[in-house]
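Close look at the chain arrangement
Each chain, letter by letter, is given below.
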Number of protein chains: 2
Amino acid sequence: MHIAITGAAGFLGQRLVQQLLTRGELRQQPITRLTLIDQIEAPLPESGNVAVTSRALDITESGALDSVLAQRPDVIYHLAAVVSSAAEADLELGMRVNFDATRALLEGCRKQSLTDTRLIMASSVAAYGGELPEVLDDMTALHPQNSYGTQKAMCELLINDYSRRGLIDGLVLRLPTIVIRPGRPNAAASSFASSILREPLNGEEAICPVPVELPMFVMSPGKVVDALIHGAEVPSEALAPFRAFMLPGITVTVAEMLEALREAAGEKALSLVHHEPDPRIEAIVASWPARFETAKAKQLGFVGDDNFKQIIDAFVSEQS
Amino acid sequence: MHIAITGAAGFLGQRLVQQLLTRGELRQQPITRLTLIDQIEAPLPESGNVAVTSRALDITESGALDSVLAQRPDVIYHLAAVVSSAAEADLELGMRVNFDATRALLEGCRKQSLTDTRLIMASSVAAYGGELPEVLDDMTALHPQNSYGTQKAMCELLINDYSRRGLIDGLVLRLPTIVIRPGRPNAAASSFASSILREPLNGEEAICPVPVELPMFVMSPGKVVDALIHGAEVPSEALAPFRAFMLPGITVTVAEMLEALREAAGEKALSLVHHEPDPRIEAIVASWPARFETAKAKQLGFVGDDNFKQIIDAFVSEQS
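Treat the numbers as computed from the prediction; the structure is a model and nothing was measured.

Parameters and conventions
Residues numbered from 1 in each chain as written. Chains lettered and ligands numbered in written order. Predicted model: local features only at pLDDT ≥ 70, side-chain atom pairs only at ≥ 80, totals over all residues. Heavy atoms only, no water. Helix = DSSP H or I, 4+ residues; strand = E, 2+ residues; numbered from the N terminus. Rg over C-alpha atoms; globule rule 2.2 N^0.38 Å. Buried < 20%, exposed > 50% of the residue type's maximum accessible area, 1.4 Å probe, protein only. Areas by Shrake-Rupley, 256 points an atom, 1.4 Å probe, with all protein chains shown as cover. Lys, Arg positive; Asp, Glu negative; His and termini not counted. Charge placed at Lys NZ, Arg CZ, Asp CG, Glu CD. Core = buried A, V, L, I, M, F, W, Y, C linked by side-chain atoms within 4.5 Å. Contact = heavy atoms within 4.5 Å. Least-squares fit on C-alpha atoms with pLDDT ≥ 70 in both. Buried area = accessible area lost by both parts, 1.4 Å probe. Salt bridge = Lys/Arg side-chain N within 4 Å of Asp/Glu carboxyl O. Polar contact = N/O pair within 3.5 Å; in protein donor to acceptor, adjacent residues only side chain to side chain. Pairing = 2+ DSSP bridges. UniProt positions renumbered as here; feature names shortened; annotations may be inferred. Axes fitted to C-alpha atoms, helices over the stretch in contact; angles between N-to-C directions. Expected span 1.5 Å × (residues − 1). Phe/Tyr/Trp six-rings, centres within 6.5 Å; stacked < 30°, edge-to-face > 60°. Domains from an automatic or database assignment.

**Overview of the overall build of chain A**
- For chain A, the count of helices and strands is 11 helices and 14 strands.
- For chain A, the C-alpha radius of gyration of 19 Å lies close to 20 Å, the compact-globule estimate for 320 residues.
- The principal-axis extents of the C-alpha atoms in chain A amount to approximately 55 × 45 × 35 Å.
- Here chain A holds 320 residues, and 55% of them are scored as buried.
- If you sum the accessible surface of chain A, you get close to 12900 Å²; carbon and sulfur atoms cover 49% of it.
- Distance between charge centres in chain A, computed from 27 positive and 40 negative side chains, equals 6 Å.

Below is the structure:
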């Protein structure tokens, strides 16, 4: 079992690599080879018997992935992407990385006749937008209001068509907002959702820029990685007629997130969160849909978090 | 008012040109120039005071449209496309003509800063597919089950994003099945829907390959052209958040179409239709959605046919 991962140096990529090495098998076959691909060389993990190669490649360059695809990977995780703020700031960059590179990957798979290779791409809640219903489902139209979501939605269509034509065995998982991310606050509009928990849990102060009534659709990093792995194991026949859908996140308000923080770490932790409204961030986050019926994902056996306390507990146990 | 039309030599393109010349104005401004673009030189109509240029161009060639766009057309109708059977038979051809040429057109508009140019593309019921609800609406997801529909859906997303970014003033109209087309039967799965009316009205025999209970979503050529013209006049502000939607066709069963034929031309005409089931054609046509709530189109003032008799009467009066 040879698994190739683009964007392998990123937060999700690294977690996925760790989890695959811990499992040691996929589809009941031993993992023998991992190829990690990113702009920079992804860190090489302790890998035991698994041959791990890390390659610094620009996937927007013509033929960049040819030598990897010639090794006929059984599963490809395509996580590499330009994030939403960068795609909005630079249309060409977003199109080149998020769309053209995905198309080139599909064409590369086609040239190598990788008809049975499971190609799994991460898509996003940013693909939804416009005048949305109160609760979204698998038949809600994608009317993205940002270039990142547009590019992801185009890739979804293309991966579905290549799969329908039998050129590849594709799957696209739309990810909820991932909470709690490790690391430091960053420029992403969603950054606060991790920060208001992670910083207080570490005894540090944090700023909450949105009203606490705001609902969000979230999933823990652990469950997202589990879903990526499950995505490699779902039988191909079960995926038609459309191979892109939202993962089963949970809907929580910021108030519920803070209450879970209080339960896990007490009033002192909660008092480290300062409320400083930022209308710009509120406008962006409030535009993200927060309520989904994820029937297809559930029917295919994808599993989300049970409740927000579980998300906090998992973060705490991973920290220690 | 300068109007450029790709696919101008086609059936719809030629009708649109005629209608524009008959009107003489668009957006209450006189039409001064028409640029007709197709693979072959589109026939030059009687044009009075309007400067009509016909250009044979391969829009898939880099920069093919540069000289046209440099003239800063006020409205561009993008009707050029590879039809569904050809796009299914040849993925590269479909991607090149249906998607890449549309993207190149958008980029060309961007380079010329045609931010106020209304770009109108024709999309299709083929963009819908999969497990559809009984009645579709403006929020029904596009899960195309053919490459033509996939490519059109990708163009819809791109045109919406370029419009949202203020690079162009785009609009995409999804067309119902057009009935009654002129000419002869062809290889299209929908060919029978025109043929079972057109041939008997001309005293000729025709074959109906589907059960008469089958519903279809149809629009007359005249109303489609009216919609293309109205599409140039809808105010830009009214189009957000998503600039692609289905036009208001009408739902009719084949039995209702044949009953309208009998009313218009009598039992003798009806007896010229022979029922020879073709499961292959039935399967394709039955997969097309036939019932839509077209709220957005109606709200924007797009108008369909009142009933099927009107469609037949219009055809008969155009023939004479």
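**What about the nonpolar core?**
- By size, the foremost hydrophobic cluster in this structure holds 78 residues, and its most contacted members are Phe99(A), Met154(A), Phe99(B) and Met154(B).
- If near-sequence neighbours (up to four positions away) are discounted, Met154(A) is found in contact with Met95(A), Phe99(A), Phe99(B), Met154(B), Leu157(B) and Leu158(B).

**Here we look at the relation of the copies chain A and chain B**
- Least-squares fitting of chain A to chain B yields an RMSD of 0.0 Å, with the superposition described by an axial translation of 0.0 Å and a rotation of 180°. With respect to symmetry, the two chain copies, as superposed, fit the operation of a two-fold axis. In terms of C-alpha distance to the rotation axis, chain A has Ala141(A) as its closest residue, with the C-alpha 1.8 Å off the axis.
- Both copies share a contact surface, since 100% of the interface residues of chain A are interface residues in chain B too.

**A look at the interface of chain A and chain B**
- Facing 38 residues of chain A, the contacting portion of chain B comprises 39 residues.
- With both chains or domains summed, chain A and chain B bury close to 3200 Å², and 56% of this area falls on carbon and sulfur atoms.
- Considering only the side of chain A, the residues that lose the most area to chain B are Leu91(A), Met139(A) and Leu157(A), jointly responsible for 19% of the buried surface there.
- At the boundary of chain A and chain B, one finds six salt bridges.
- The salt bridge involving Glu92(B) is made with Arg110(A); its shortest N-O contact spans 2.8 Å.
- In this structure, the connection of chain A to chain B is made through 22 residue pairs in polar contact (both at pLDDT 80 or more).
- Those elements that place two or more of their residues in the side of chain A that touches chain B are helix 3 (84–89), helix 4 (91–111) and helix 5 (147–164) of chain A.

**A look at the pattern of salt bridges**
- In this structure the tally under the stated criterion is 34 salt bridges over all chains.
- Within this structure, Arg23(A), Glu25(A) and Glu233(A) form a network of salt bridges that share partners.

**Re the pairing of strand 6 (residues 75–78) of chain B**
Residues and elements named next belong to chain B.
- Of the two faces of strand 6, the one holding Val75 and Tyr77 and the one holding Ile76 and His78 are both buried throughout.
- Sheet analysis places strand 1 (residues 2–6) next to strand 6, joined by four bridges and oriented parallel. By the bridge assignment for strand 6, Ile5 is matched with Tyr77.

**Let's talk about the UniProt feature "domain: NAD-dependent epimerase/dehydratase" (unreviewed entry) in chain A**
- Within this numbering scheme, the UniProt entry marks residues 3–204 of chain A as carrying the feature "domain: NAD-dependent epimerase/dehydratase" (unreviewed entry).
- Each end of residues 3–204 of chain A is marked by a C-alpha atom, and these two atoms are 39 Å apart; helix forms 37% of the span and strand 20%.

**Concerning unusual backbone geometry**
Residue and element names in this part refer to chain B.
- Going from Val179 to Ile180, the amide bond is cis rather than trans, its omega being 10°.
- Structurally, Ile180 is set in the loop between strand 9 (177–178) and helix 6 (191–201).
- Look at the link from Ala240 to Pro241: it is a cis peptide, with omega at 0°.
- The topology assignment puts Pro241 in the loop between helix 7 (221–233) and strand 12 (244–246).
- One non-glycine residue, Ser113, adopts positive backbone phi at about 55°.
- Looking at where Ser113 falls in the secondary structure, it is placed in the loop between helix 4 (91–111) and strand 7 (118–124).
- For Ser113, a relative accessible area of 44% translates into the label partly exposed.

**Observations regarding helix 6 of chain B**
Residue and element names in this part refer to chain B.
- Most of helix 6 sits out of view: 10 of its 11 residues are buried.
- By the burial criterion, the buried members of helix 6 are Ser191, Phe192, Ala193, Ser194, Ser195, Ile196, Leu197, Arg198, Glu199 and Pro200.
- Phi turns positive one or two residues past the end of helix 6, at Gly203, with a value near 75°.

**Some details on the sheet that holds strand 6 (residues 75–78) of chain A**
Residues and elements named next belong to chain A.
- Read across the open sheet, the seven strands follow the order 5-4-1-6-7-8-12; overall the sheet is parallel. This sheet does not close on itself; its edge strands, each paired only once, are strand 5 (51–56) and strand 12 (244–246). Direction aside, the axes of adjacent strands within the sheet are offset by 15° on average.
- Across five bridges, strand 1 (residues 2–6) lies against strand 4 (residues 33–38) in parallel orientation.

**A few points about helix 7 of chain B**
- The end-to-end C-alpha distance of helix 7 of chain B, which contains 13 residues, comes to 19 Å, matching closely the 18 Å that a straight helix rising 1.5 Å per residue would cover.
- Every buried residue of helix 7 of chain B is listed here: Pro221(B), Val224(B), Val225(B), Ala227(B), Leu228(B), Ile229(B), Gly231(B) and Ala232(B).

**A short note on the packing of aromatic side chains**
- Enumeration according to the criterion identifies seven aromatic pairs over all chains in this entry.
- Each ring, one from Tyr128(B) and one from Phe292(B), has its centre 5.2 Å from the other, and the planes form 65°; the classification is edge-to-face. Here Tyr128(B), found in the loop between strand 7 and helix 5 (147–164), pairs with Phe292(B), found in the loop between helix 9 (279–286) and helix 10 (295–299); they are 164 residues apart in sequence, far enough to count as distant. When sorted by exposure, Tyr128(B) lands in the same class as Phe292(B), which is buried.
- Site record: aromatic cluster; members linked through ring pairs are Tyr128(A), Phe217(A) and Phe292(A).

**Remarks on the side chain of Ser195(B)**
Residue and element names in this part refer to chain B.
- Within the secondary structure, Ser195 is located in helix 6.
- Its relative accessible area of 7% is what places Ser195 among the buried residues.
- At a separation of 2.6 Å, a polar atom in the side chain of Ser195 contacts the side chain of Glu199.
- Those residues in contact with Ser195, other than ones at most four positions away along the chain, are Pro185, Pro200 and Ala206.

**Overview of the environment of Ala101(A)**
Residue and element names in this part refer to chain A.
- When you line up the elements, Ala101 lands in helix 4.
- Through-space distance from the C-alpha of Ala101 to that of Ala193 is 30 Å; in sequence the pair is 92 residues apart.
- With near-sequence residues (within four places) excluded, Ala101 lies in contact with Ile59, Thr60 and Arg96.

**Side note on the domain arrangement of chain A**
Residue and element names in this part refer to chain A.
- In terms of domain boundaries, chain A breaks down into domain 1 (2–175 + 220–246) and domain 2 (191–217 + 250–291 + 305–319).
- At the interface, 10 residues of domain 1 touch seven residues of domain 2.
- Per-residue buried area on domain 1 facing domain 2 is highest for Val125, Ser220 and Lys223; these three make up 44% of the total on that side.
- At the boundary of domain 1 with domain 2, the tally comes to two salt bridges.
- Put simply, Arg15 and Glu318 hold a salt bridge, and the shortest N to O gap is 3.0 Å.
- Counting across the interface, domain 1 meets domain 2 through four residue pairs in polar contact (both at pLDDT 80 or more).

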